[in-house]
Amino acid sequence: MTEVSKLDWRTLIKAAPETPPETITALDKYFEPFAQPALKMVNDKPDLGDQPCLKCDEPQTGLLASMFGKGGFTWGLAHGEGHCRNCHWPARAYHFIKHEDGSDLCTLRGVILQYHPDYVTERKTDAA
Ligand SMILES: [Zn+2]
């Protein structure tokens, strides 16, 4: 596996200059376990493209994943969680982000973020 950076959520979400520091802290905390996806700029907006898997490089979304069954994000049992169909690397696609007091901050749906290797413990026995 190549070196993977931790996600900088500022590459995905634009925080307004007046965003309170506690909101920034909550976002920092929430996004900490995720890896930085490769972003392309499309019409001046960051675009996740078909999101090659950080472990096996198979696309997580898009035409290749959906039509040809290569890679692809597969839903897991836990709500919003899933994994790469090819190598089972874990990811989350629904993000329910909360303030420190538990109130809702924001929700991102359908944004597949793979976990950073620091936060993944591989099982010793792999059924595949
Ligand atoms: Zn994979």
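Now for a quick tour of the structure. As the structure is a computational prediction, the values presented were derived from the model and not from experiment. (Residues numbered from 1 in each chain as written. Predicted model: local features only at pLDDT ≥ 70, side-chain atom pairs only at ≥ 80, totals over all residues.)

## Examining the pairing of strand 4 (residues 81-84)
Regular strands have side chains that alternate between both faces of the sheet. This is how it is decided: Whether two strands pair comes down to DSSP finding at least two bridges between them. For helices the rule is a DSSP run of H or I covering at least 4 residues; for strands it is a run of E covering at least 2, with both sets numbered from the N terminus onward.
Bridge analysis of strand 3 (residues 73-75) against strand 4 gives three bridges, and the strand direction is antiparallel. Bridging from a neighbouring strand, threonine 74 pairs with histidine 83 of strand 4. In sequence, strand 3 turns back onto strand 4 through a hairpin of five residues, with glycine 80 there showing a positive phi of about 85 degrees. Taking the residues that link successive antiparallel strands as the turn, the strand 4-strand 5 (residues 90-98) hairpin has five residues, and the phi of histidine 88 there is positive, at about 70 degrees.

## Details of the nonpolar core
Definition in use: We define a nonpolar core as a collection of buried residues of the types Ala, Val, Leu, Ile, Met, Phe, Trp, Tyr and Cys that are connected via C-beta atoms lying within 7 Å of each other. Think of it as a crowd count around each C-beta: if 20 or more other C-beta atoms lie within 10 Å the residue is buried, if 12 or fewer it is exposed, and in between it is partly exposed, with C-beta placed from the backbone throughout. Each residue is represented by a C-beta atom placed from its backbone, and any two residues with such atoms within 7 Å are regarded as in contact.
Among the nonpolar cores identified, the biggest contains twelve residues, and these are Leu7, Trp9, Phe31, Phe34, Ala35, Cys53, Leu54, Phe73, Cys84, Trp89, Ala91 and Leu113. Residue contacts for leucine 113: discarding those within four places in its chain leaves Leu7, Phe34, Pro37, Ala91 and Arg92.

## Focus on the environment of alanine 93
For alanine 93, the location among the structural elements is in strand 5. Expressed as a C-alpha distance, the spacing of alanine 93 and glutamine 114, which sit 21 residues apart in the sequence, is 8.6 Å. If we skip the residues at most four places from it in the chain, alanine 93 touches Phe73, Gly80, Gly82, Gly110, Val111 and Ile112.

## A look at unusual backbone geometry
One non-glycine residue, aspartate 44, lies in the positive phi region at around 65 degrees. Residue placement: aspartate 44 occurs in the loop between strand 1 (40-42) and strand 2 (45-47). Of note in this structure, glutamine 51 is not a glycine but carries a positive phi near 50 degrees. In this structure, glutamine 51 sits in the loop between strand 2 and helix 2 (63-67).

## Digging into the sheet that holds strand 6 (residues 104-114)
The test is simple: To obtain each axis, a line is fitted to C-alpha atoms, and for helices this fit is confined to the stretch in contact; angles are then taken between N-to-C directions over 0 to 180 degrees.
Ordered in space as 3-4-5-6, the four strands form an open sheet in which the pairing is antiparallel. One side of each edge strand has no neighbouring strand; the edge strands of this open sheet are strand 3 and strand 6. Direction aside, neighbouring strands of the sheet carry axes that sit 25 degrees apart on average. Of the strand pairs in this sheet, strand 4 and strand 5 are connected by three bridges, and their pairing is antiparallel. Considered in strand 5, the bridge of histidine 83 is made with proline 90.

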